[in-house]
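Overview (structure and organization)
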Amino acid sequence: MGVLPVPAEVRAILLDIEGTTTPIAFVQETLFPYIKDNVKEYLRAHWEEEECQRDVGLLRKQAQEDSSLDGAVPIPLESGSGEEELERIIQAVVDNVHWQMSLDRKTTALKQLQGHMWRAAYATGHVKGEIFEDVVPAIRKWREAGMKVYIYSSGSIEAQKLLFGYSTEGDILELFDGHFDTKIGPKVESESYRRIATSIGCATNNILFLTDVPREASAAEEADTHVAVVIRPGNAGLTDDEKSYYSLISSFTELFLPSST
């Protein structure tokens, strides 16, 4: 793929996580299975805590909104009638979480619970965020050249900070100037990239967005944001049209910053 020159007007680099900074396998084979395998134990251990009750409340509200969907799992209200009922409600929450995850839902309710579970897992050392080895040296170089670096992921900002704060490279949160998640808008909608540009105080064409997903690249491009599609082991394959249309990189070291010469 060689060297990709970064346009001179670019002032900020916006990074996706899964398949871009981090192997897809880490998310699919470590993070998500951790939730599925441990959600019941987590709920039992934290049920009485205010944070857990807020998480369950959000999931219950989401379940009501989803009630017309095929296979949706309702979460009953507690009536305070003992251990048996509590177990039944916890099981309903577990089943709801598993159902949402089986459909790859990205609801705020699901993301919030996942974020809190991952926080506990990272803090206790059960999980460490995996980072491709070219990422940290490249970002340090970009920052030395005066570039701002931001994250935009469908995972919650809290989940992002946990991944980079407890990573295989140590705590690397200092490398990022800010974080965005789907609260600013879906990654496949061009308006999201306009909002990000406004938030960081620049024009959309001052941003280079790196992602492994052509639909996201297309949305960013519609907003006049520069894009490059990242090819990593385990990422979904691209069509011949996508390969010929998009700028492609397989390592962050392939980006050439004019200001770094």
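Computed from a predicted structure; not experimentally measured.

How each quantity is defined
Residues numbered from 1 in each chain as written. Predicted model: local features only at pLDDT ≥ 70, side-chain atom pairs only at ≥ 80, totals over all residues. Heavy atoms only, no water. Helix = DSSP H or I, 4+ residues; strand = E, 2+ residues; numbered from the N terminus. Phe/Tyr/Trp six-rings, centres within 6.5 Å; stacked < 30°, edge-to-face > 60°. Lys NZ or Arg CZ within 6 Å of the ring centre and 35° of its normal. Domains from an automatic or database assignment. Contact = heavy atoms within 4.5 Å. Buried area = accessible area lost by both parts, 1.4 Å probe. Salt bridge = Lys/Arg side-chain N within 4 Å of Asp/Glu carboxyl O. Polar contact = N/O pair within 3.5 Å; in protein donor to acceptor, adjacent residues only side chain to side chain. Nonpolar A, V, L, I, M, F, W, Y, C, P; charged D, E, K, R; others polar. Pairing = 2+ DSSP bridges. Axes fitted to C-alpha atoms, helices over the stretch in contact; angles between N-to-C directions. Core = buried A, V, L, I, M, F, W, Y, C linked by side-chain atoms within 4.5 Å. Buried < 20%, exposed > 50% of the residue type's maximum accessible area, 1.4 Å probe, protein only.

1. Considering unusual backbone geometry
Unlike most non-glycine residues, Asp104 shows phi in positive territory, near 55°. Mapped onto the fold, Asp104 is located in the loop between helix H3 (83-102) and helix H4 (108-123).

2. Details of the packing of aromatic side chains
Per the stated rule, a full pass over the model turns up nine aromatic pairs. Put simply, the rings of Tyr152, Tyr193 and Phe209 pair up and form one aromatic cluster. The positively charged end of Arg232 is found above the aromatic ring belonging to Phe252, 5.1 Å away from the centroid.

3. Considerations on the domain arrangement of the protein chain
The domains assigned to the protein chain are domain 1 (4-22 + 129-256) and domain 2 (28-124). Taking the mean C-alpha position of each, domain 1 and domain 2 sit 30 Å from one another. With nine residues of domain 1 at the contact, the number on the domain 2 side is nine residues. A per-residue breakdown of the area domain 1 buries against domain 2 is headed by Glu158, Leu162 and Tyr166, which together make up 44% of the total. One salt bridge connects Glu158 with Arg119, and the closest N-O pair in it is separated by 3.3 Å. Remark: the boundary between domain 1 and domain 2 carries one residue pair in polar contact (both at pLDDT 80 or more). Class assignment of the residues belonging to the side of domain 1 that touches domain 2 gives a composition of four nonpolar, three polar and two charged.

4. Describing the sheet that holds strand E2 (residues 12-15)
With parallel pairing, six strands are arranged side by side in an open sheet as E4-E3-E2-E5-E6-E7. Lying at the two open borders of the sheet, with one neighbouring strand each, are strand E4 (178-180) and strand E7 (248-249). Where E2 lies against strand E3 (residues 148-152), four bridges are found, and the strand directions are parallel. Among the inter-strand pairings, Leu14 is bridged to a residue of E3, identified as Tyr150. Seen against the sheet, helix H6 (residues 157-165) touches E3 and E4 and runs at an angle of roughly 130° to E4.

5. What about the nonpolar core?
Leu15, Trp142, Leu210 and Leu255 are the most contacted members of the largest nonpolar core, which totals 61 residues. It is helix H1 (residues 24-46) that contributes the most residues to this core, nine residues altogether. Two domains each donate at least three residues to this core, and these are domain 1 (4-22 + 129-256) and domain 2 (28-124). Excluding its chain neighbours within four sequence positions, the residues that come into contact with Leu255 are Leu4, Val6, Ile13, Trp142, Leu208, Leu210 and Ile249. In terms of nonpolar packing, the next biggest core, distinct from the first, is built from 20 residues, Ala12, Ile196, Ile207 and Ala217 among them.

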